[in-house]
Each structure stands twice: as C-alpha cells, then as structure tokens.
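Understanding the architecture of this molecule
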Amino acid sequence: MEFISTRGGMEPAPYSAILLEGLATDGGLVVPETIPQISRDRIESWRGLDYPALATEILSYFATDIPGKDLATMCERAYSSENFSEGVIPLTELSDGISLLGLSEGPTLAFKDIAMQFLGQSLEYVLAKTGRTLNIIGATSGDTGSAAEYALRGKYGINVFMLSPQGRMSDFQRAQMYSLTDENIHNIAVAGVFDDCQNLVKALSGDLEFKREHSLGTVNSINLGRISAQLVYYFWAWLRASDGLDAEALETFKISVTVPSGNFGNILSGHLAREMGLPIRRLVLAANENNVLDEFFRTGIYAPRGAADTHATSSPSMDISKASNLERFVFDLLGRDPERLAAAWRELDENGKIDLSAELPRFKSEFGFQSGTSTHQDRVETIRSVHAATGVIIDPHTADGVKVAREHVEPGVPMIVLETAKPAKFPEIVFEATGERIGMPERLAGLLDLPQHVTEMSGDEQELRSYIRDNV
Ligand SMILES: *Cc1c(COP(=O)(O)O)cnc(C)c1O
C-alpha cells in the first residue's frame with residue numbers, strides 16, 4: 001500500500017514514511033492510493049478476536065511495510081490492560097435504540113488516547129529502525145497535548161515540547177500534563193492564549209531549516225497514523241453490536257454511528273471504514289454551536305469561520321471552525337480526482353468558501369452522511385435525561401452526540417454514539433444537569449496533589465528556539 005496526496009503532487013510513499021505526516025509536500029493531505037475492500041466474510045472471521053488482534057488485522061492493510069508480528073506487538077502494547085480499563089472499548093446500551101461506544105477508557109479519559117497510543121508505539125518502532133530521533137512540538141488547550149504526552153512519555157528517540165496557555169486549562173488538565181516526570185516530556189506554559197501557542201508552533205515548523213536541523217515533527221489530527229488507528233473501533237462496534245445474531249440476520253445487519261466532531265478526524269475514519277465495506281448505514285456528524293460542518297452537510301457549502309467567530313462552549317474540544325480533515329472526504333466526493341480537488345481548494349483560498357451543493361444529494365445517498373447541531377441547553381438536558389432514564393452520566397461532547405443521534409434513529413438500525421470523553425473531566429456541567437458531584441476515577445485519585453513541572457515563557461520565539469536547542 002502506498003500513500004498519495006489529495007492534490008496529486010507527492011511521490012507515492014509507504015506507511016512508515018507517512019506515519020508522521022498528514023500534510024503532503026504539495027500542501028494537500030496524505031490518503032491511501034486505493035481504499036482496501038474488505039468482504040463481509042472477512043469481517044465475520046474477526047469476530048473472535050480481542051481488540052489488539054483486530055487492530056493488527058485492520059492496520060495490516062495499510063502498514064504493508066511493517067512485518068505482521070511487529071505490528072501485533074505494537075497493538076498489544078498500545079491496547080494493554082494497563083493503558084485501557086474495561087476491556088479497551090465497551091459497548092453499552094442506553095435506551096431508545098441508542099448505544100454508547102466507550103472510547104475513553106485510556107490514560108487521559110478521552111478518545112484521542114486510542115489513536116495516540118498506537119502512534120507512540122509505531123513512531124518509536126519506525127525511528128529505531130531508521131536510527132532517527134524526533135522532536136514533537138505541539139500546542140494544546142488541554143486534550144490533545146495530554147493524550148500525546150501519555151502516548152510518547154519515555155519513548156526512545158522522541159522528545160515532546162508541548163505549549164499550553166498559562167492559566168487557561170482546567171486544574172485536572174494541568175495536573176495531568178505537568179505532573180509527568182519523564183525526561184523526554186517538556187511542558188511549556190506560554191503567557192497568552194491557545195492561538196499564541198499555535199502561532200509559535202507554526203513559526204518554528206514553518207522555518208524549514210530549523211525544522212530539519214532539530215528534527216521537528218507534529219502529531220495533530222491530520223496525522224494519518226491516527227486516522228488509520230481510529231478505523232479499528234468502527235469495525236469493533238459493528239462486531240460487538242451483532243454478537244449473537246444468526247447467519248440470516250447478519251447478512252443484512254447495519255449500524256448507524258453518530259460522532260461528536262471538531263476537526264473531522266474521528267468521523268473521517270468512520271467514512272473510510274464504510275468505504276472499505278463495513279456495513280454502516282448512516283454516519284451522523286454532531287456539532288456544537290460551532291457548526292460549520294453541520295452547515296456543510298446540510299447545504300453543500302463549506303465556509304470556514306475565523307477565530308473571532310468561534311464560540312467558547314461547554315464542549316470545548318469541538319470548538320473548531322475550520323476542519324482540516326474535510327479535504328480527505330471532499331477528495332472522495334470528487335471521484336478521487338486530484339485536479340478537481342486542487343481546484344476546489346484554490347476556490348476556498350480565493351473566496352473563503354467552496355460551493356459543492358451540486359453534489360449535495362450524494363452526501364447522504366452515496367456516503368451516508370447526515371448532521372445536526374446542539375447547544376449548551378441541549379447538552380444539559382441530554383445529560384439530565386440520559387442519567388434519569390439509564391443512570392449513566394455522559395460528558396458534554398458525548399451529549400452533543402446523543403442529542404443529534406436521537407434526531408436520526410431509525411427503527412431496526414442500532415444507533416451507536418461514540419463516547420469521546422469521560423464526564424469526570426467536566427464536573428461543572430454534570431452538576432448543572434444532574435446535581436451530582438462526580439469524582440475522579442480511582443486510578444487518578446491523588447493526581448491533583450502531585451508536584452508539577454513546567455517551564456514558563458513569555459511567548460517570545462527566540463526564547464522557545466533556544467530552549468529547544470538546549471533540550472534536544
Ligand atoms: C478531539 C475531540 C473531539 C473532536 O474530534 P475530531 O476528530 O476533531 O472531530 C470530540 N470530543 C472530544 C472529547 C475530543 O477530545
């Protein structure tokens with residue numbers, strides 16, 4: 001399997017060469033040259049596998065340049081019972097035809113752990129093979145940074161420089177990141193907001209000489225290693241939802257999946273799984289008040305918004321108004337034609353939007369996409385009603401998902417909502433909705449009292465450059 005750019009200007013490259021990239025050399029995004037086709041019989045033959053074994057099977061379609069037994073070792077380490085409780089990914093029935101896929105059993109209590117843990121294993125493996133080292137630089141407002149640090153801590157050949165806005169993360173997020181004592185993890189608190197951190201990362205990554213000299217890399221949500229690792233739980237969900245069905249029922253069995261979305265990374269993996277042949281009926285995109293993607297799926301017009309038009313909401317990990325990964329879906333929508341895609345993105349650059357409304361009927365009929373929006377009041381009411389009906393407490397992002405899922409449930413088709421975080425990370429809204437004070441999971445008790453390690457910086461680029469020089 002080779003990987004190419006959506007805009008057609010990159011030499012095809014194998015998995016281990018693009019693992020770190022997402023962005024192709026021509027400014028497009030990296031995608032598989034062809035989408036592997038998996039038969040129902042093949043999927044059925046995986047029913048007895050545990051999660052690491054299923055991950056090995058699915059990733060082996062993409063990582064064709066990594067020997068199967070090495071891939072198996074990576075998946076076993078990534079999805080070990082130390083990293084994930086509850087058998088990695090539980091499927092729990094709620095009510096009214098809706099079930100929750102528990103993607104938040106990992107070390108930072110959010111779904112990003114699943115892909116990051118695999119990325120940590122595979123990066124270390126690829127670097128060891130080539131004798132290279134890598135310095136990951138990133139900006140975080142909380143979730144991505146901690147998932148990356150927990151996946152890369154102690155990994156040989158890798159340093160992490162994670163910039164966070166000083167005083168703007170929750171106590172829990174700060175404790176989670178700053179309490180790490182691994183020598184390869186460098187937490188940097190920047191006097192400023194998330195965008196200031198992001199701009200510093202862009203400035204250094206954009207300085208190609210500095211980037212090469214210090215082997216800088218990033219692990220953001222366009223990273224193809226992450227996208228491929230996220231495919232696995234869609235297959236897992238279908239298999240678990242159909243456990244116990246007889247052969248006849250299995251033949252026509254389909255699930256629908258609702259995905260709380262921000263940068264379109266998670267749901268893009270669902271799209272790929274569906275294109276590979278997994279029987280998914282509908283892929284439902286759930287947005288919060290920052291609903292530029294809901295707008296796209298309803299109108300066919302994609303008009304990213306600026307920072308000033310991005311609301312700070314109570315489902316903060318979805319506060320995104322420009323979804324980089326969408327380019328990969330549009331590539332498929334336009335018949336995987338790099339010229340049409342490049343033309344569309346030129347239009348986006350020139351006019352600030354693209355109009356694909358001519359293709360709108362195909363969004364649903366051919367690709368199964370539907371969408372919806374949820375507000376703060378919807379999240380509160382959804383957390384409350386799910387708790388009242390089932391006793392289960394969900395987090396605000398998952399609540400966006402359940403709210404929109406309820407609008408799209410069809411009789412006879414199980415609707416699976418991806419649980420993207422644990423409610424313990426968002427105690428205020430849980431209290432507002434249910435009156436319950438939710439505690440930390442037992443394995444994280446005491447986290448808030450641990451000593452914290454962080455370097456404070458003014459936001460000056462030279463200061464950051466010399467810190468990186470001194471610490472690689
Ligand atoms: C990152 C994140 C999302 C959004 O996922 P995308 O892949 O960016 O669409 C949703 N919920 C939570 C809790 C997240 O951390």
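Values in this document were obtained by computation on a predicted structure and should not be read as measured data. In every chain, residue numbers begin from 1 and rise along the written sequence. Owing to the predicted nature of the model, reporting of local features is limited to residues with pLDDT of at least 70; listing and counting of side-chain atom pairs is limited to 80 or more, with chain, interface and lining totals taken over all residues. The basis for the side-chain values is all heavy atoms of the structure; hydrogens and waters are excluded.

Section: the sheet that holds strand β8 (residues 216-217)
With parallel pairing, the five strands of this open sheet are ordered in space as β8-β5-β6-β7-β15. The strands lining the two open edges of the sheet, one partner per strand, are β8 and β15 (455-457). Note: strand β5 (residues 134-139) against strand β6 (residues 158-165), six bridges, orientation parallel. Following the sheet pairing, Leu134 is matched in β6 by Ile158. The sheet contacts of helix α8 (residues 194-206) involve β5, β6, β7 (185-190) and β8, and relative to β5 the element is tilted by about 150°. When DSSP locates at least two bridges between a pair of strands, those strands are taken to pair. Helix and strand assignments come from DSSP, with helices taken as H or I runs of at least 4 residues and strands as E runs of at least 2, each series counted from the N terminus. Contacts are assigned to residue pairs that have any heavy atoms within 4.5 Å of one another. In this analysis, axes come from line fits to C-alpha atoms, helices being fitted only over the stretch in contact, and the angle between any two N-to-C directions falls in the range 0 to 180 degrees.

Side note on the UniProt feature "domain: Tryptophan synthase beta chain-like PALP" (unreviewed entry) in the chain
The positions that UniProt labels "domain: Tryptophan synthase beta chain-like PALP" (unreviewed entry) are, in the present scheme, residues 106-341. Between the C-alpha atoms that bound residues 106-341 there is a distance of 36 Å. The span itself is 47% helix and 16% strand. UniProt positions are given in the numbering used here, feature names are shortened, and annotations may be inferred rather than shown by experiment.

Describing the nonpolar core
By nonpolar core we mean a set of buried residues, namely Ala, Val, Leu, Ile, Met, Phe, Trp, Tyr and Cys, connected to one another through side-chain atoms within 4.5 Å. Think of it in three bands: with a 1.4 Å probe and only protein chains considered, a residue is buried below 20% of the maximum accessible area for its type, exposed above 50%, and partly exposed in between. Core analysis: the biggest nonpolar cluster contains 111 residues, and Tyr79, Phe264 and Phe329 have the highest contact counts within it. Those residues in contact with Tyr79 that lie beyond four places of it in its chain are Tyr51, Pro52, Ala55, Phe84, Val88, Ile114, Phe118 and Ala229. With 20 residues, the next largest nonpolar core counts Ile383, Ile394, Val402 and Met415 among its residues.

Some thoughts on the packing of helix α14 (residues 326-333) against helix α15 (residues 338-351)
When two helices pack together, their arrangement is given by the angle between the helix axes and the distance between those axes. Contact geometry for α14 and α15: axes closest at 9 Å, N-to-C directions at 130°. Overall, the two elements α14 and α15 adopt an arrangement that is oblique. By crossing handedness, the relation of α14 to α15 is classed as right-handed. On α15, the residues that touch Leu326, Glu327, Val330 and Phe331 of α14 are Pro338, Leu341 and Trp345. Just so you know the grouping, Ala, Val, Leu, Ile, Met, Phe, Trp, Tyr, Cys and Pro go in nonpolar, Asp, Glu, Lys and Arg go in charged, and all remaining residues, Gly too, go in polar. Counted by class, the contact of α14 with α15 contains six nonpolar, no polar and one charged residues. Small angles under 35 degrees read as roughly parallel and large ones over 145 as roughly antiparallel, with 65 to 115 read as roughly perpendicular and the rest as oblique. Note on convention: the crossing is left-handed when the near helix lies turned anticlockwise from the far helix by less than a right angle, right-handed when the turn is clockwise.

Considering the pattern of salt bridges
Salt-bridge detection follows one rule: a side-chain nitrogen of Lys or Arg within 4 Å of a carboxyl oxygen of Asp or Glu. All chains considered together, the criterion is met by 24 salt bridges. We note a salt bridge from Glu327 to Arg7, for which the minimum N-O separation is 2.9 Å. On the criterion of sequence distance, the pair formed by Glu327 in helix α14 and Arg7 in the loop between β1 (3-5) and α1 (15-18) is long-range, its members being 320 residues apart. For Asp378, the salt bridge goes to Lys403, with nearest N and O atoms at 3.8 Å.

Side note on a negative patch on the surface
Residues Glu347, Asp349, Glu350 and Asp355 make up a contiguous surface patch of negative charge. For the negative patch, the element with the most residues is α15, which contributes three residues. Of note, Asp355 is situated in strand β12 (residues 354-355). Nonpolar side chains (Val, Leu, Ile, Met, Phe, Trp, Tyr) within 5 Å and like charges within 9 Å form the patches, drawn only from residues with over 30% relative accessible area and no salt bridge. The method behind every accessible area is Shrake-Rupley, applied with a 1.4 Å probe, and residues are considered shielded solely by the protein chains displayed. In summary, the charge assignment counts Lys and Arg as positive and Asp and Glu as negative, without counting His or the chain termini. All charge positions are set by atom: Lys at NZ, Arg at CZ, Asp at CG, Glu at CD.

So, the packing of aromatic side chains
Planes of paired rings set the category: under 30 degrees apart is stacked, over 60 is edge-to-face and the rest tilted, where pairs are Phe, Tyr or Trp rings (Trp by its six-membered ring) whose centres lie within 6.5 Å. On inspection of all chains with the given rule, the structure shows 21 aromatic pairs. Consider the rings of Phe297 and Phe369, whose centres lie 4.6 Å apart with planes at 25°: the pair is stacked. Taken together, the residues span a long stretch of sequence, with Phe297 in helix α13 (residues 292-299) and Phe369 in strand β13 (residues 369-373) at a distance of 72 residues. Across the pair, exposure class does not vary: Phe297 and Phe369 are buried alike. Through successive ring pairs, a cluster of aromatic residues spans Phe264, Phe296, Phe297, Tyr302, Phe329, Phe363, Phe367 and Phe369. In this scheme, the term charge over a ring applies when either NZ of a lysine or CZ of an arginine sits within 6 Å of the ring centre and within 35 degrees of the ring normal. One Lys or Arg, Arg240, reaches over the ring of Trp236 and ends 4.5 Å from the middle of that ring. Lying across the ring of Phe431, Arg437 places its NZ or CZ 3.9 Å from the centre.

A word on the sheet that holds strand β9 (residues 255-260)
Where strands meet in a sheet, backbone hydrogen bonds hold them as pairs that are either parallel or antiparallel. Judged by pairing direction, the sheet is mixed, and its six strands sit side by side in the order β3-β4-β14-β9-β10-β13 without closing on themselves. For this open sheet the edge positions go to β3 (91-93) and β13, each flanked by a neighbour on one side alone. Adjacent strand axes in the sheet meet at a mean angle of 25°, parallel and antiparallel pairs treated alike. Of the pairings in the sheet, the one linking strand β4 (residues 98-102) to strand β14 (residues 415-419) comprises five bridges and is parallel in character. Bridging across to β14, Ile98 finds its partner in Met415. The strands that helix α12 (residues 265-275) touches are β9, β10 (280-287), β13 and β14; relative to β10, the one it contacts most, it runs at about 170°. Where α13 meets the sheet, it contacts β10 and β13, and its direction lies at approximately 135° from that of β13.

Some details on the site of the ligand
Being near a molecule or strand, for a residue, means having at least one of its heavy atoms within 4 Å of it. Close to the ligand lie 15 residues; Lys112, Gly262, Asn263, Asn266 and Thr420 are nearest. When the ligand sits alone it has 390 Å² of accessible area, and the protein chains cover 97% of it. Taken together, the residues that form the shell around the ligand break down as five nonpolar, eight polar and two charged.

What about the UniProt feature "domain: Threonine synthase N-terminal" (unreviewed entry) in the chain?
UniProt's entry tags residues 3-79 with the feature "domain: Threonine synthase N-terminal" (unreviewed entry), counted in the numbering of this structure. Taken end to end, residues 3-79 is 39% helix and 8% strand, and its two terminal C-alpha atoms sit 26 Å from one another.

A closer look at the packing of helix α17 (residues 376-390) against helix α19 (residues 427-434)
Two numbers describe how α17 lies on α19: the axes approach to 8 Å, and their chain directions differ by 65°. Judged by the inter-axis angle, α17 sits roughly perpendicular to α19. In terms of crossing hand, the pair formed by α17 and α19 is right-handed. Contacts between α17 and α19 involve His376, Arg379, Val380, Ile383, Arg384 and His387 from the former and Ile429, Glu432, Ala433 and Thr434 from the latter.

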